[in-house]
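The lines below spell out each chain.
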Amino acid sequence: MVIVLGAWEYGVRTGVINAFLFGSPSGTWHFLVKGTVDGSIFHDMYITSEETALGFLLGNALGATLGLALWYSPFLEKLFTPFILALGSIPIIALAPLVIVWAGTGLASKVLMSTLSVVVVALLAAFDGARSADPLEINLLYSMGARKWQVFRLVVVPSSLTYIFSGLKLAVGFALIGAIIGEFISSSEGLGHAIFIAGNLYNIPKVFASLLATIAIALAFVYVVGRLERLLMPWRKLSS
Amino acid sequence: MVAESQRVVKIEIRNVSMVFGDDTDQPTLVLDDVSLQVRDGEFVTVVGPSGCGKSTLLNLLSGLIAPTSGHLFLDGKEVVGASKNYGYMLQRDLLLDWRTIQSNVTLGLEVRGMPKQEARALAQKYLKFYGLDGYEHKYPSELSGGMRQRAALARTMILNPNILLLDEPFVALDFQTKLVLESELAKSVAAGRRSVLFITHDVEEAVSLSDRVLVMSKRPGRIKAVHEIHLECDRTDPVSARNAPGFGDYVTTIWKQLEIQTSALDMEILKSLNLAEDIAS
Ligand SMILES: Nc1ncnc2c1ncn2[C@@H]1O[C@H](COP(=O)(O)OP(=O)(O)O)[C@@H](O)[C@H]1O
Ligand SMILES: [Mg+2]
């Protein structure tokens, strides 16, 4: 996602150089100001943020829970691994038509797209994290008389936090992609909708203005995740 | 005093052999028919060259791995899967990075369901005893190796274990810190009635702390000699033990038994055994 963002940003810069073909900063600025004044850009940002936030939360909650559960039960691991790999290898856009059929064209379908696009990343991160738990630390807990669920709570979950948080940072991008693809396919509002319409009308400056708004959302999410990480893992800043 | 032979056996290894990689084309016999017993209240140490299978013995007792053949018992119960209810200390302190020193020390109490307030109050006593007051709210990454190992000792002793499995817990520490922690271990062991299986390759440490020292051969590890240690001194003071009459004789004898195994090996290995200086002199 960082690379994609970087490429977009590079595209914006290229636009500055080739103002005629790729839109101009003043044109982009114009649309930013216009959108700000009439509030449309905030409205689209709000819509997309809401979809992204819900998809992000649902996808990560589901993914992390499943990923950790796979550690807890080797049976679940055997059962689910093939499905997870299969789901992970489907391009998210290929699911869009199904999602629209099942969840309609409103908020739910965008949230579902976003959730689906996040869940596998979150699951794999949590599962890798759980497996990264030190077997000797686990043994130490058993030496104290711990039961499996205590080992899980006191060692496995905390050990996996680092992995879960790198997953969360990746998931910001995936959640946005899911929501915006959902809006591309079918919607009447949101940044994805704005980009899609403007793109079809060759209104490049408006595309860029909406892209900037999208990037702003991504940055805000990454910032919140970073704050949360420092809050939940206060020991981390000491060891680095 | 109860005659030694009548005391209950707390730790037992019975005819244990261990082969690593037996499904590969190069299986390695690491332990060859090892048997040992630690009776109630005994401090038994196993010394042996690096790679002879000392840590493997402990991993077997803790249930981390299963033996190729033979049986292991802790507190009379055969070891099947992860063992429970024993004190466990390794070269690595195994402090949990995400818990403060205090909550690392209360870890076992939390596992056993002691109320938080009570656990903290108890931890405070142990932290004080092990010279860690003022560090209770620090994270492990903020402490030196010696301090961390003290915290690990506090975490172990707060559960008042009657069986201790210790694998070179002090090997990474400087000499001074090591003597201090040896003494603290000896005091804790003397204060409670604990049965200890201690692993080390430091012969002086072994002789100063133990009732009995078992010498292992190089791989495949076998018990090649047993020494009952009798020293007329305060055994909780590692310095006085080192100065006691007879200490040097034990050390020399055991070194020789190790030396036979190591004389053919190069200086690198001797260094890793801390023997280089003694052999050079
Ligand atoms: N899990 C394992 N798999 C394969 N080989 C192992 C394993 N654990 C230990 N070994 C081998 O067993 C031998 C003894 O190891 P260890 O018990 O750690 O020795 P020590 O503690 O005496 O130095 C070494 O050669 C080591 O490489
Ligand atoms: Mg070892």
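Participant: So what about the overall build of chain B? Which residues, and what values?
Facilitator: Along its length, chain B carries eleven helices and ten strands. Taken against the 2.2 N^0.38 rule, which gives 19 Å for 281 residues, the C-alpha radius of gyration of chain B at 19 Å falls within 12% of a compact globule. Projected onto its principal axes, the C-alpha positions of chain B cover 55 × 45 × 45 Å. In chain B, buried positions account for 53% of the 281 residues. Put simply, 68% of the contacts in chain B that link residues at least 6 apart link residues at least 24 apart. Accessible area for chain B stands at about 12500 Å²; split by element, carbon and sulfur atoms hold 50% of it. Computed over 31 positive and 37 negative side-chain charges, the inter-centroid distance for chain B is 5 Å.

Participant: Lay out the site of ligand 1 with the relevant residues and their values.
Facilitator: Residues and elements named next belong to chain B. Around ligand 1, the neighbouring residues are F20, V30, P49, S50, G51, C52, G53, K54, S55, T56 and R219. Between ligand 1 and the protein, one listed contact pairs an oxygen atom with a backbone N or O atom of K54 at 2.8 Å. Between an oxygen atom of ligand 1 and a side-chain N or O atom of T56, the distance comes to 2.6 Å. Coverage of ligand 1 by the protein amounts to 58% of the 560 Å² it exposes when considered alone. The greatest single-element share of the shell around ligand 1, amounting to three residues, is contributed by helix 1 (residues 54-61). When its residues are assigned to classes, the shell around ligand 1 shows four nonpolar, five polar and two charged.

Participant: Residues and numbers for the interface of chain B and chain A, please.
Facilitator: Facing 26 residues of chain B, the contacting portion of chain A comprises 23 residues. A buried area of about 2200 Å², summed over both sides, lies between chain B and chain A, and 65% of it is on carbon and sulfur atoms. Of all residues in chain B, B:K84, B:W98 and B:V111 bury the most surface against chain A, accounting for 29% of the area lost on that side. The interface formed by chain B and chain A includes two salt bridges. When the shortest N-O distance is used, the salt bridge between A:D134 and B:R92 registers 2.3 Å. In this assembly, chain B and chain A are joined by nine residue pairs in polar contact (both at pLDDT 80 or more). Elements supplying a minimum of two residues to the side of chain B that touches chain A: strand 6 (87-90) and helix 3 (107-111) of chain B. Of the residues forming the side of chain B that touches chain A, the biggest block, four residues, is contributed by helix 3 of chain B. Residue composition of the side of chain B that touches chain A, by class: 13 nonpolar, five polar and eight charged.

Participant: So, the sheet that holds strand 10 (residues 223-228) of chain B: which residues are in play, and what are the values?
Facilitator: Residues and elements named next belong to chain B. The mixed open sheet is built from six strands, whose spatial order is 6-7-8-3-9-10. At either margin of the open sheet sits one strand with a lone partner, and together these are strand 6 and strand 10. Pairwise comparison of adjacent strand axes, ignoring direction, gives a mean angle of 15° for this sheet. Against the sheet, helix 6 (residues 175-191) engages strand 3 (43-47), strand 7 (163-167) and strand 8 (195-200), with an angle of about 165° to strand 7.

Participant: How would you summarise the nonpolar core if you had to cite specific residues and measurements?
Facilitator: By size, the foremost hydrophobic cluster in this structure holds 105 residues, and its most contacted members are B:L31, B:L165, B:L185 and B:L197. Take this core: its biggest share by element is 14 residues, from helix 9 (residues 148-185) of chain A. Apart from residues no more than four positions distant in its own chain, B:L165 is found in contact with B:I11, B:L58, B:L61, B:S62, B:L74, B:Y86, B:G87, B:Y88, B:M89 and B:L197. Of all hydrophobic cores here, the second largest spans 17 residues; its members include B:A206, B:A241, B:A244 and B:V251.

Participant: Outline the environment of A:V155, listing residues and values.
Facilitator: Locating A:V155 in the fold gives a position in helix 9. Looking at A:V155, the relative accessible area reads 0%, which means it is buried. Remark: the alpha-carbon pair of A:V155 and A:F56, spanning 99 residues in sequence, is separated by 25 Å. Discounting residues that sit within four places of it in the chain, A:V155 has contacts with A:A133, A:E137, A:I138, A:L141, A:Q150, B:L96 and B:W98.

Participant: Which residues make up helix 6 (residues 92-103) of chain A, and what values do they have?
Facilitator: Residues and elements named next belong to chain A. When the terminal C-alpha atoms of helix 6 are compared, their 15 Å separation across twelve residues agrees well with the 16 Å that a helix rising 1.5 Å per residue should span. Within helix 6, burial applies to I92, L95, A96, V99 and I100. Summarising the axial view, the buried residues of helix 6 lie within an arc of 150°, below the 170-degree limit, and thus occupy one face. Contacts from the buried residues of helix 6 go to helix 5 (74-89), helix 7 (107-131) and helix 9. Two residues or fewer after helix 6 comes G104, characterised by a positive phi angle close to 80°.

Participant: Explain the packing of aromatic side chains to me, and be specific about the residues and the numbers.
Facilitator: All names here are of chain A. A complete count under the given rule lists nine aromatic pairs over all chains for this structure. Between F184 and F196, the ring centres sit 5.4 Å apart and the planes meet at 45°, which makes this aromatic pair tilted. Here F196 lies in helix 10 (residues 191-200) and F184 lies in helix 9, a separation of twelve residues in the sequence. Judged by its relative accessible area of 34%, F184 falls in the partly exposed class.

Participant: Before we move on, can you summarise the domain arrangement of chain B with the specific residues and values?
Facilitator: Residues and elements named next belong to chain B. When its domains are assigned, chain B resolves into domain 1 (4-86 + 161-280) and domain 2 (96-156). Distance from the C-alpha centre of domain 1 to the C-alpha centre of domain 2: 27 Å. Taken together, the contact pairs twelve residues of domain 1 with nine residues of domain 2. Taken together, both faces of the contact between domain 1 and domain 2 bury some 820 Å²; the carbon and sulfur share is 65%. In this assembly, domain 1 and domain 2 are joined by one salt bridge. Salt-bridge contacts for R150 lead to E184; the nearest nitrogen and oxygen are separated by 3.8 Å. Across the contact surface, domain 1 and domain 2 share three residue pairs in polar contact (both at pLDDT 80 or more). For the side of domain 1 that touches domain 2, the element with the highest residue contribution is helix 6, accounting for six residues. Along the lines of polarity and charge, the residues of the side of domain 1 that touches domain 2 split into eight nonpolar, three polar and one charged.

Participant: Which residues make up the packing of helix 5 (residues 145-157) of chain B against helix 6 of chain B, and what are the values?
Facilitator: Residues and elements named next belong to chain B. Contact geometry of helix 5 with helix 6 gives a least axis separation of 11 Å together with a crossing angle of 5°. Taken together, the axes of helix 5 and helix 6 are roughly parallel relative to one another. The segment helix 5 lies against helix 6, with G146, Q149, R150, L153 and M157 engaging T177, V180, L181, E184, L185 and S188. Grouping the constituent residues of the contact of helix 5 with helix 6 by class yields five nonpolar, four polar and two charged.

The rules we used
Residues numbered from 1 in each chain as written. Chains lettered and ligands numbered in written order. Predicted model: local features only at pLDDT ≥ 70, side-chain atom pairs only at ≥ 80, totals over all residues. Heavy atoms only, no water. Helix = DSSP H or I, 4+ residues; strand = E, 2+ residues; numbered from the N terminus. Rg over C-alpha atoms; globule rule 2.2 N^0.38 Å. Buried < 20%, exposed > 50% of the residue type's maximum accessible area, 1.4 Å probe, protein only. Contact = heavy atoms within 4.5 Å. Areas by Shrake-Rupley, 256 points an atom, 1.4 Å probe, with all protein chains shown as cover. Lys, Arg positive; Asp, Glu negative; His and termini not counted. Charge placed at Lys NZ, Arg CZ, Asp CG, Glu CD. Near = heavy atom within 4 Å. Polar contact = N/O pair within 3.5 Å; in protein donor to acceptor, adjacent residues only side chain to side chain. Nonpolar A, V, L, I, M, F, W, Y, C, P; charged D, E, K, R; others polar. Buried area = accessible area lost by both parts, 1.4 Å probe. Salt bridge = Lys/Arg side-chain N within 4 Å of Asp/Glu carboxyl O. Pairing = 2+ DSSP bridges. Axes fitted to C-alpha atoms, helices over the stretch in contact; angles between N-to-C directions. Core = buried A, V, L, I, M, F, W, Y, C linked by side-chain atoms within 4.5 Å. Expected span 1.5 Å × (residues − 1). Arc of directions from axis to C-beta. Phe/Tyr/Trp six-rings, centres within 6.5 Å; stacked < 30°, edge-to-face > 60°. Domains from an automatic or database assignment. Parallel < 35°, antiparallel > 145°, perpendicular 65-115°, else oblique.

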